[in-house]
Amino acid sequence: MSSTGRNPHIFPQIWLLLVSVMVFGAFVAVDRGYLDAVIEVDRSRLSILIALLFIGASAHAAWHIFAASRRIEATRRFGNSSSTSPADPAATGPMDHPPALEFVQAFADDLSRERKMVTAAKDSQTSNVLEIYADRLRSAVEIGWYIVDILVRLGLVGTIIGFIMILGTLSGGADVTADNIQTLLISMSGGMGIALYTTLAGLITASLLGLQYMVLGRCIEHLIAELIFLQTSEPV
């Protein structure tokens, strides 16, 4: 029996729904010319860097979400078949993913090995295998939230660069008069555009990426719950 009846593939489905909404939003932005305006105004090119980092981090989140989903299913099948033969292909089913099965088998082997060591030493300490595996699984989420923080910081760097350009325009130009005020404002608009667009890009991408890593975090915790259930069931 599984520790919970939730569909293990619900997390990839949620991620795909989020990505579908984001792709639709990107299509609208391209169709309306918003992205072209950002690229044209942002001479620092930080917006492009933010977009590339966002795409790479989204692929990272997707890979771990799908991998964790397969591991959840493999853990359930391993627990359900432990009373017969975990290695029996008929018990595990043809749809299992080999890397996911290897992950669960490695966890079971490590758990069995530590139980034997604890029994031989007549020690009553609890197993540390689950804590080690949980820490490894959560590392992907920690990396993701660090990237989210980087996106926000890159947006703030763009803000600083924009204001530096504005101050450079004010300090390096001629005295403000009624004749050159329009030219001065046009020169300042470049720095203001960089400050606003990079900040906007950083905040939007950080928020969207944070949603993806929230899904990954819940998926990882769900997998850890399955490992706990497997640990507390029959001896492996």
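As a starting point, this report considers the structure included with it. (Residues numbered from 1 in each chain as written. Predicted model: local features only at pLDDT ≥ 70, side-chain atom pairs only at ≥ 80, totals over all residues. Heavy atoms only, no water.)

Points about the environment of Leu-211
For step 1, the next point in the chain: Mapping Leu-211 onto the fold places it in helix α7 (residues 181-232).
For step 2, the next point in the chain: Between the alpha carbons of Leu-211 and Leu-18 there is a distance of 8.2 Å; along the sequence they are 193 residues apart. (Helix = DSSP H or I, 4+ residues; strand = E, 2+ residues; numbered from the N terminus.)

Looking at the pattern of salt bridges
For step 1, the next point in the chain: For the structure on display, the rule yields 5 salt bridges.
For step 2, the next point in the chain: In this structure, Arg-113 and Asp-110 form a salt bridge, with 2.7 Å as the shortest nitrogen-oxygen distance. Pair noted here: Arg-113 and Asp-110 are both in helix α5 (residues 98-120), with a separation of 3 residues, about one helical turn.
For step 3, the next point in the chain: Relative accessible area serves as the criterion here: at 46%, Arg-113 is assigned to the partly exposed category. (Salt bridge = Lys/Arg side-chain N within 4 Å of Asp/Glu carboxyl O. Buried < 20%, exposed > 50% of the residue type's maximum accessible area, 1.4 Å probe, protein only.)

Overview of helix α1 (residues 10-32)
For step 1, the next point in the chain: Between its first and last C-alpha atoms α1 spans 33 Å; for 23 residues at 1.5 Å apiece the expected length is 33 Å, and the two agree.
For step 2, the next point in the chain: Those residues of α1 not exposed but buried are Phe-11, Pro-12, Trp-15, Met-22 and Ala-29.
For step 3, the next point in the chain: The first or second residue beyond α1 is Gly-33, which carries a positive phi of 85 degrees. (Expected span 1.5 Å × (residues − 1).)

Description of the nonpolar core
For step 1, the next point in the chain: Residues Phe-103, Phe-107, Leu-137, Leu-209, Tyr-213, Leu-216 and Ile-220 are the most contacted members of the largest nonpolar core, which totals 43 residues.
For step 2, the next point in the chain: Among the elements of the structure, α1, α3 (46-81), α5, α6 (129-172) and α7 are those that each provide at least two residues to this core.
For step 3, the next point in the chain: The biggest single contributor to this core is α7, with 12 residues.
For step 4, the next point in the chain: Excluding its chain neighbours within four sequence positions, the residues that come into contact with Leu-216 are Ala-61, His-64, Ile-65, Ala-140 and Val-141. (Core = buried A, V, L, I, M, F, W, Y, C linked by side-chain atoms within 4.5 Å. Contact = heavy atoms within 4.5 Å.)

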